[in-house]
Amino acid sequence: MALLQLSEPGQSLAPHQHKLAAGIDLGTTNSLVATVRSGQAETLPDEQARHLLPSIVRYLDEQIEVGYEALSAATTDPLNTIASVKRLMGRSVEDIKTLGDRLPYEFQQQDSVVPRIHTVGGAVSPVEVSAEILKVLAARAEASLDSELNGVVITVPAYFDDAQRQATKDAAQLAGLNVLRLLNEPTAAAVAYGLDQGQDGIHAIYDLGGGTFDISILRLNQGVFEVLSTGGDSALGGDDFDRIVAGWIMQQAGIKDDAGHAMLRRLMRDACAAKEALTDAETAQLDIELEDGSHWQGELDRATFNQLVEPLIRKTLAPCRRALRDAGLTADEIDDVVMVGGSTRVPYVREKMGEFFGTPPLVNIDPDKVVALGAAIQADILIGNKPEDEMLLLDVNPLSLGIETMGGLVEKIIPRNTTIPVARAQEFTTFKDGQTAMAIHVLQGERELVTDCRSLARFELREIPAMVAGAAHILVTFEVDADGLLHVTAKEQSSGVETSVEVKPSYGLTDSEIEGMLRASMAHAQEDMDARRLREQQVEAKRVIEALASALAADGEQLLTKEEQEPIKKSFQHLVALSESDDYEAIKEAIEALEKSCEFYVERRMNANIHKAMAGQKVDNFND
Amino acid sequence: MLDFSKNYFELFGLPVGFEVDSNRLADRYRELQRAVHPDRYANATEQEKRLSMQGSTRLNDALNTLKKPLLRAQYLLELKGVDLNAKGSSITDGGFLMEQMELREELAGVKEQADPYDAIANLMNRIRSHTQGLLREISEQFELGTSQALEQAQETVSKLQFLNKLSAQVEELEEELDEAL
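Residues numbered from 1 in each chain as written. Chains lettered and ligands numbered in written order. Predicted model: local features only at pLDDT ≥ 70, side-chain atom pairs only at ≥ 80, totals over all residues. Heavy atoms only, no water.

Re the overall build of chain B
A count of helical and extended segments in chain B gives eight helices and zero strands. Helices (α) and strands (β) of chain B occur, in sequence order from the N terminus, as α-α-α-α-α-α-α-α. Its C-alpha atoms give chain B principal-axis dimensions of roughly 60 × 50 × 30 Å. A buried classification covers 50% of the 181 residues belonging to chain B. Look at the contacts in chain B between residues 6 or more apart in sequence, and 68% of them connect residues 24 or more apart. Accessible surface for chain B amounts to roughly 9200 Å². Of this, 48% is attributable to carbon and sulfur atoms. Within chain B, the 32 negative side-chain charges are centred at a point lying 8 Å from the centre of the 21 positive side-chain charges. (Helix = DSSP H or I, 4+ residues; strand = E, 2+ residues; numbered from the N terminus. Buried < 20%, exposed > 50% of the residue type's maximum accessible area, 1.4 Å probe, protein only. Contact = heavy atoms within 4.5 Å. Areas by Shrake-Rupley, 256 points an atom, 1.4 Å probe, with all protein chains shown as cover. Lys, Arg positive; Asp, Glu negative; His and termini not counted. Charge placed at Lys NZ, Arg CZ, Asp CG, Glu CD.)

And the structure:
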């Protein structure tokens, strides 16, 4: 700091100033927020000391309720009360029809591929519903720590596909959050366990949540968590247990399939309660209020329950076997199995998994909280509160990514379980003389046929110079970033003409849709778009100022000559002067100018880091 | 762009050659990822994020190439100036081709076996031991390093490609069996 005298007296620019970062477990049934306080990760309760926030949102005329309040209305106002919205994230209207769920909502008929649920508060998309949950959790973190939230890590099922991840990120954007990373839930759980126990070895994380199932195999070695493989089913979870029990009750009580929404909601609630009761008790008593107001009474014992859910548990075994095979391991090479997610409270699940992996499952951390705790630890590191921390997570992409080729077949470009970030390119060519355009269809999945994979995006590369068939060299590049999100670019190289296209998943929201939602939510919050943009730029300016100040303090003198410092110093001071102004265009330009002026410095810094890491190697070469 | 002009072996401080100390490779990889991984730059500027993603991507590519014997052999041949695309895959070893046909026939018949899993394990073992033999061969060919030896190495690479493809097909079949359970 002494170097450039960048900060005004009293302005806090201390390089390692503690920032507030939170981990958010955005669950199917319940959500949680956690943070690291005095070195300890802990979940944050609401004012009534409740840690879980039911992932339920109720839309009223003028108001939105989230959590317990909405939960209590779920059976009386089912159409306006949205539960388990996570199952709809990144799904198209078509997908939802094939999910086979009897969803107690009314979907709006419309042109957009993103489904919208009709409520008295207007039509809402799953992204908007999720954003409401995120807002409540963020507000809870800010209120309980009395500080502004600088960044969040949001967890997603490892088996979430690209569209589902993008939808989650969109929801965070809508909620106005700075997303440091999307983190896979089993990896988050491993972090919470790994740091707790500090054990090197190979761990299996069995994560059965409300609506999703994940299995991850990872190796922990000296602070590095390396995911070896992951598998799962993004539409299998505790909800299915409830549904199967509800089906059994309907059969026993003679309830017809065409029962009303409210009846179905009550059934699901009672089925869930019975399931939970059977965790400790051998039998669960049932008292079901029927549509005519009369009651049906019955009993469900554990043996019957086990028999009912057995097929669901068996359904989780195929992904487990595949994950082992992908990791090149057998079940007996797994050192321990960690149980994550509320559904792993079911004793039969634990029993079956203990049998499969040949080791009693680990359950010492509350399976509801472990994911949020791990996310909080990672958020704390990513925001920069622990610059010396050695922990590193190396995750993989869960599903193969490819492109459609002739005959409706998929050519894989990035196979599943490849460590991310990753970029792979493949060359294609034209098949007709004079062909000037090429359709590119991006797919995700393991099957050979296009129709069996998930279509992520279609786009066209145009303006290919006319050539004979086979002469064009079209390079299609797939890049998966550290959030597991895919970017595809295509360019024709032989002629020197470059055309490249960035794609977003076809099931995602378009930028204009997000903008529209933002506007709508502003109308609620009495805040306008410009005010939001300005605030965003001010926050960004602050971030850039802090990042640069701490970089310069660390190595500015070593890496830059006096002459090189001058222009950086100038643009830095320009940004500092503007950062509190209310001209967001000017702030934006100043940020861009500053970033431009330090480009070479940033490259130099990163190279210095690499050289340092490589020099470290040489030192131990001598020691070997 | 980052200063990543070094070849993959130099990047990890390893001698250029087919035999790679896998522990050392893993250690070097971790050290370098700790310096460049996007998690180190999660709250940094867009430029730093971009650079770190490029650097980390390259490290992953380098590790993947050096870790897998087939990719490593192909990369080495490339470093030695052998153009793998020029000659196509030509296997002149008739015995090898015969054996491949047998293995393929066995694969086709797995589902009819009384214990298909047992048949798969059997097949996998044979593929594995075959692969091991080829890896010893190619290691010697690279050790010799003469242009004749490198030409032979090219043929060995083609053989390894055969076996890799076959073992991928065996795994697919196993997956199919799992799903039917």
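On we go from here.
Examining the pattern of salt bridges
Using the criterion set out here, one finds 42 salt bridges over all chains in the structure. Here Arg91(A) makes a salt bridge to Asp161(A), at a shortest N to O gap of 3.9 Å. On the criterion of sequence distance, the pair formed by Arg91(A) in the loop between strand S7 (81-83) and helix H2 (93-98) and Asp161(A) in the loop between strand S10 (151-156) and helix H4 (162-174) is long-range, its members being 70 residues apart. Side by side, Arg91(A) and Asp161(A) carry an identical accessibility label, which is buried. The shortest N-O distance in the salt bridge between Asp93(B) and Lys159(B) comes to 2.9 Å. Residue Asp93(B) is found in the loop between helix H5 (84-87) and helix H6 (94-109), and its partner Lys159(B) is found in helix H8 (residues 147-180); the two are separated by 66 residues along the sequence. What you see here is one network of salt bridges that share partners, running through Arg322(A), Asp326(A), Lys412(A), Arg416(A), Glu446(A) and Glu175(B). (Salt bridge = Lys/Arg side-chain N within 4 Å of Asp/Glu carboxyl O.)

Let's talk about the sheet that holds strand S21 (residues 422-428) of chain A
Residues and elements named next belong to chain A. The three strands lie next to each other as S21-S24-S25, forming an open sheet whose pairing is antiparallel. Of all strands in the sheet, those with a lone pairing partner are S21 and strand S25 (486-492), marking the two edges. With direction set aside, neighbouring strand axes in the sheet form an average angle of 15°. In this sheet, S25 lies alongside strand S24 (residues 474-480) in antiparallel orientation, the contact comprising seven bridges. From the neighbouring strand, Val-476 faces S25, where its bridge partner is Ala-490. (Pairing = 2+ DSSP bridges. Axes fitted to C-alpha atoms, helices over the stretch in contact; angles between N-to-C directions.)

Observations regarding empty space enclosed by the protein
All names here are of chain A. Within the structure shown, the criterion is met by ten cavities of 30 Å³ or more. Roughly 130 Å³ of volume is contained in the largest cavity. Along its surface, the largest cavity is lined by 16 residues, and Arg-181, Leu-182, Asp-395, Ile-420 and Ala-482 are the ones closest to its centre. Here the lining of the largest cavity takes four residues from strand S11 (residues 179-184), the largest share from any one element. (1 Å grid on protein atoms, 1.4 Å probe; cavity = no way out; pocket = protein on both sides within 12 Å on 5 of 7 lines; lining within 4 Å. Points joined across faces, edges and corners; volume = space filled by probe spheres on them.)

Examining the confidence of the model for chain A
Residues and elements named next belong to chain A. Mean pLDDT over chain A: 86, with 88% of residues reaching 70 or higher. Element-level mean pLDDT values for chain A span from 64 in helix H12 (residues 511-525) up to 97 in strand S1 (residues 21-26). Counting interchain partners and residues more than four positions distant, the pLDDT-below-50 stretch residues 1-15 has 23 contacts. Of the regions scoring below 50 in pLDDT, residues 619-624 engages in five contacts with residues more than four places distant in sequence or in other chains. (pLDDT = per-residue confidence, 0-100.)

Observations regarding the sheet that holds strand S13 (residues 213-221) of chain A
Residues and elements named next belong to chain A. With mixed pairing, five strands are arranged side by side in an open sheet as S17-S12-S13-S14-S18. The open sheet is flanked by strand S17 (336-340) and strand S18 (392-394), the only strands paired with a single partner. Each adjacent strand pair in this sheet contributes to an overall mean axis angle of 25°, direction not counted. With nine bridges joining them, S13 and strand S14 (residues 224-233) adopt antiparallel strand pairing. Within the sheet, the bridge partner assigned to Ile-215 lies in S14 and is Gly-231. Along the sheet, helix H10 (residues 347-357) makes contact with strand S12 (201-208), S13 and S17, crossing S12 at roughly 150°.

Looking at the environment of Ala35(B)
All names here are of chain B. Mapped onto the secondary structure, Ala-35 falls in helix H2 (residues 22-36). The exposure class of Ala-35 is buried, given its relative accessible area of 14%. Expressed as a C-alpha distance, the spacing of Ala-35 and Gln-113, which sit 78 residues apart in the sequence, is 52 Å.

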